[in-house]
Structures are given as structure tokens and as C-alpha cells.
Amino acid sequence: MNESQAALSLVTAEESAPRDARQELVDALAEGDLRFHQLPKEMSARRQAEVRRDALSKISGARLDSMGHYPFDDERVSRQNCENFLGAVQVPVGVIGPLRIRGEYVQDEELYVPLATTEGALVASTNRGCRALREAGGAVVRVDNVGITRAPVFRTSGVVETREFIQWLEVNTEEIRRRTEAGSRFLKLLDIRPQAMGTTVFLRFRFDSGDAMGMNMATIACDRVIEDFIEPQTGVECVSLSGNFCVDKKPSHVNFQEGRGKRLFAEVQLDKQILHKVLKTNARALVEVQYRKNLLGSIAAGSLGFNAHFANILAAFFLATGQDPAQVAESAVGVTTIEPRGPEGVIASVYLPDVPLAAVGGGTSLATQQEALALLGVQADSERPGHAVMRLAEILGASVLAGELSLLSALTSRDLARAHEKLGRSGAKS
Ligand code: ADP
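What counts and how
Residues numbered from 1 in each chain as written. Predicted model: local features only at pLDDT ≥ 70, side-chain atom pairs only at ≥ 80, totals over all residues. Heavy atoms only, no water. 1 Å grid on protein atoms, 1.4 Å probe; cavity = no way out; pocket = protein on both sides within 12 Å on 5 of 7 lines; lining within 4 Å. Points joined across faces, edges and corners; volume = space filled by probe spheres on them. Helix = DSSP H or I, 4+ residues; strand = E, 2+ residues; numbered from the N terminus. Salt bridge = Lys/Arg side-chain N within 4 Å of Asp/Glu carboxyl O. Near = heavy atom within 4 Å. Polar contact = N/O pair within 3.5 Å; in protein donor to acceptor, adjacent residues only side chain to side chain. Areas by Shrake-Rupley, 256 points an atom, 1.4 Å probe, with all protein chains shown as cover. Nonpolar A, V, L, I, M, F, W, Y, C, P; charged D, E, K, R; others polar. Domains from an automatic or database assignment. Patch = residues over 30% accessible without salt bridge, like charges linked within 9 Å, V, L, I, M, F, W, Y side chains within 5 Å. Pairing = 2+ DSSP bridges. Core = buried A, V, L, I, M, F, W, Y, C linked by side-chain atoms within 4.5 Å. Buried < 20%, exposed > 50% of the residue type's maximum accessible area, 1.4 Å probe, protein only. Contact = heavy atoms within 4.5 Å. Lys, Arg positive; Asp, Glu negative; His and termini not counted.

Going through the model one piece at a time under the given rule, you end up with 1 cavity of 30 Å³ or more. Empty space within the largest cavity amounts to approximately 50 Å³. Lining the largest cavity are Asn 145, Gly 147, Ile 148, Phe 207, Ser 209, Ala 212, Met 213, Gly 261, Lys 262, Val 355, Pro 356 and Leu 357. For the lining of the largest cavity, the elements supplying multiple residues, two or more each, are β3 (139–150) and β8 (260–270). Sort the elements by how many residues they give to the lining of the largest cavity and β3 lands first, with 3 residues.

In this structure the tally under the stated criterion is 26 salt bridges. Between Arg 263 and Asp 144 there is a salt bridge, with its nearest N and O atoms 2.9 Å apart. With Arg 263 in strand β8 and Asp 144 in strand β3, this residue pair connects regions lying 119 residues apart in the sequence. Between Glu 330 and Arg 260 there is a salt bridge whose closest N-O contact spans 3.0 Å. Of this pair, Glu 330 sits in helix α13 (residues 328–331) while Arg 260 sits in strand β8; the two residues are 70 residues apart in sequence, bridging distant segments of the chain. One continuous salt-bridge network, built from bridges that share partners, spans Arg 22, Arg 47, Glu 50 and Asp 54.

On to the site of the ligand, then. The environment of the ligand is formed by 14 residues, the closest being Asp 211, Met 213, Gly 214, Asn 216 and Met 217. With respect to the ligand, the backbone of Asn 216 contributes an N or O atom lying 2.9 Å from an oxygen atom. For the ligand, whose unbound accessible area comes to 580 Å², protein coverage reaches 71%. Partitioning the shell around the ligand into residue classes produces 6 nonpolar, 7 polar and 1 charged. Split by domain, the shell around the ligand shows at least three residues from each of two domains, domain 2 (93–146 + 261–423) and domain 3 (152–240).

Looking now at a nonpolar patch on the surface. Together, Tyr 291, Leu 295, Leu 296 and Ile 299 line one region of the surface with nonpolar side chains, adding up to about 350 Å² of accessible area. Position of Ile 299 among the secondary structure elements: in helix α11 (residues 283–301).

On to the pairing of strand β9 (residues 335–341), then. Here 7 bridges tie β9 to strand β10 (residues 345–355), and the two strands are oriented antiparallel to one another. Bridge assignment links Thr 336 to a residue of β10, and that residue is Val 350. Counting the residues in the hairpin turn of β9 and β10 gives 3 residues, including Gly 342, whose phi is positive at 70 degrees.

The next thing to look at is the nonpolar core. Residues Leu 270, Phe 317, Ile 395 and Leu 396 are the most contacted members of the largest nonpolar core, which totals 60 residues. With 14 residues, helix α15 (residues 387–412) is the largest single contributor of residues to this core. In contact with Leu 396, not counting residues within four places along its chain, are Leu 264, Leu 314, Phe 317, Phe 318, Val 355 and Leu 357. Within the second largest apolar cluster, 26 residues are counted, among which are Val 201, Phe 207, Met 213 and Cys 222.

Size it by volume and the largest pocket reaches roughly 1,300 Å³. Surrounding the largest pocket, 47 residues form its lining, Gly 322, Gln 323, Gly 363, Leu 366 and Gln 369 being those nearest its centre. When contributions to the lining of the largest pocket are tallied by element, the ones reaching two or more residues are α4 (74–80), β2 (107–116), α8 (215–234), α12 (310–321) and α14 (367–375). If you tally residues by element for the lining of the largest pocket, the top one is α14, at 4 residues.

Before going further, it helps to spend a moment on the side chain of Glu 404. Positionally, Glu 404 belongs in helix α15. In this structure Glu 404 is buried but unpaired, with Lys 293 as the nearest side chain of opposite charge at 7.5 Å. Looking at Glu 404, its side chain comes within polar contact range of the main-chain nitrogen of Ala 308, at 2.5 Å. Discounting chain neighbours no more than four positions away, the residues touching Glu 404 are Asn 294, Asn 307, Ala 308, His 309, Phe 310, Ile 313, Thr 336 and Val 350.

Right under this line is the structure:
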């Protein structure tokens, strides 16, 4: 009897004697006679998850009961989001705000923003930044919709074929556009940027993907046009659908220069009173920390990002709103600027050129993430594709600015360690 026949006979047994059959499945998984993806298809996602947890408990001795508590639709999740579904891990969510934003999609509103984190002091600190922004009249935010990129890599016979391939591409761009856009009314090809090195050619496709982050849509569209059109017409073989020149989920110079997903700018002017009263700092000290830490420190370290902690706010915002957390790796590359402005005030900004973001698709459809998006007033409208995700991007830009200002101010007054001592420690002596 093979493994799937074994699973089928066990589920048949389950109908007549449920507890025994369930235990047989647990035992088969624990013994390695059945793989975790081979549980009977007829079994609900919830029961499958229970069986997997019990088998893992049997194997490891660990109790996995807490993972069985979750509010989302597990049938859908196990189909669309997570194979070998086991349950859920939970991340606490805190709120910052009101955060006043003066953008183009958030036109002078005050919002409460959920952040999912286990890092004590992060929410409190970012909340202090929100107060500074509010008292200064709000964060001015602008977002460019750069587009999502996917760069397959091709192999040619040599430099001559490489050049012919690129020329062919230029002549046939319109047909490539027609074919890539055929699969979804939300996907628009913006351009294709070739990059050649000897026998290797990357084609960096850039798409507008509406309210979706777009990586799946772009990948599927590229795959189709390569297989049906580019390879048969040119004879040039695609070696990999992703050639790492995309660049997805890795910090990179090309994304820093050309942008990817959304490009965020957020800015505020802070006067002496706000610096003193809210942020417990002053212009001279803030400008100096910015210069010596964010600029010189990052140069000394060879960092790609010139900021204090974009990743902290990005990760907490991504988890709360259902983004792909792996894309924090690229999104955290960016620059903070702080310059003297007015009598003992500053003008401060954050620049994030590479932020893939979604209001639909991926983790945004889960119950708790949907609630977080609803709290922010972010809801995709198919009549205005792209509008909701631009709103989300503006909120993120202002949140990052709040977090950055508060941490840099804390560093000027040596408040950082004290805040962590008070808010972030479990009390355990180390
Ligand atoms: P992604 O391509 O972002 O990785 P998905 O694979 O979930 O994520 O694709 C997004 C899906 O959402 C597509 O099937 C697309 O047709 C659908 N969709 C529905 N409404 C919209 C919208 N307003 N903007 C973009 N896509 C949308």
C-alpha cells in the first residue's frame, strides 16, 4: 500500500471510529509513514492542523495547544497562504496616534495606526513621534507609484546575439505589453529595462499592479510571455524567471536608485518648543546625532540604509496590515535627513525608495489584518485601482517619520537605554 492509499484507508476508518482513526493518522505522521502534506483531502483544515500538532507533540514532546487559537478562515488560509497548516502564532498589536497626515490620498486626517510588535518601547516611542508631528501641523507625505519589478535572466550565445535580443525586444515591446496585460485588468506594463553582461541578459519588467503588491501577478505575466512569445521568437533561453536583478527581498543599489513598489517621502518642520517639550531635545543635538550616527556611522559600517530604525516601524506595520514581512529586507533601505530650519528648529524627512505594499492579496485578506486596514480606512475599490494602496503608503511614510524622530531624539538625551529598561525588559536579571 502506498502513502496516499494508506491515508485514504485511515480516513475511511475515521468515519466508523473517529478517535482511533485520528490517532492512527497522528501515529503515521509521527512514525514518518505519512508526510505532513498527505493527510486526507476530505479532512477539514482545522482537523488536519490538529492532527499535525498532535503528531509534532508526539515527536518533540512540545505542547502546541496555543497555536490552535486563531480567528481566520483556515480553509482559505491552508489553500492560499500556508501549506502544511498547523495553526497560528500571535503578535501583540499596539496603537499609535492620532497621527496627523497631510498627503494626497490622506488629506489632512488624524488616524490611529496599529503596530504589531514584541519590542517593548517601540509603540510608546513612535507614539511620542506622532505627538510631535501633530503639534507641528502634521507630516507632509508624498508617494510615487514606481511599480513592482521582476527581472528574468536569459542566456545568449555571445555579445552579438545579446545585442540582437535587446533590439528585438525594443521592436516588440507593444506585443509584449499586450500579452503581459492579458491576464489581469489590474496589471499594466510600464517599461522593460535590459541589462546585459556578455552572454547574460536581464530584462527588468516594471508593472503597475493596482492595489496588489503585484509580485505574483508580475511573475505569472512574465512566465506566460516568455514561454509563448519571447523564447519561441528569439531562440534565447530563459535560465530563471527571477534573475536577482528584480530585486525582491534583498537590499540593493538598483532599487535604491530606480525605486520599487512605492517610493515614500515624509517631512515635518519642528520648532524649538516642540523639540523641547515633546521630544526632550534641541535642534543642535538632533542635527549632530543625525550627522554622526545616521550619515558617518552608516558610511563607516558600509550600510545601504542611512537611517536609525526604519525596519522597526516597517516590520510592525507590515505584520499588522498583512504585508509580506520578508520585504522589510528591501524596504528598510532609505535615508533620514535633519537640517536646521528657522530659529532653533529643524526640517526632518524620511525617504524610502523601495517599499512593495498591498491593500489586496497575500496576507491582507486575513481577518485581523482586514480589521487593521479598516481602521486605517484602506479599502480597495475596483473603480479606482491603486488608490487604497497609495493611502496605505502615505500612512506608512508618516509612521516611519514619527518612529525615526522619536528614537533620534531619545539618543540625544541618552533616553534610549532608560526607556528600554522601563518598558522593554521582562524583569529577568542578566
Ligand atoms: P500579488 O500579485 O500582489 O502577489 P495575488 O496573487 O493575491 O497577489 O494577486 C492579487 C489578486 O487580486 C489578483 O488576482 C487581482 O486580480 C486581484 N485584485 C482584486 N482587486 C484588485 C485591485 N483593486 N488591484 C489589484 N488587484 C486586484
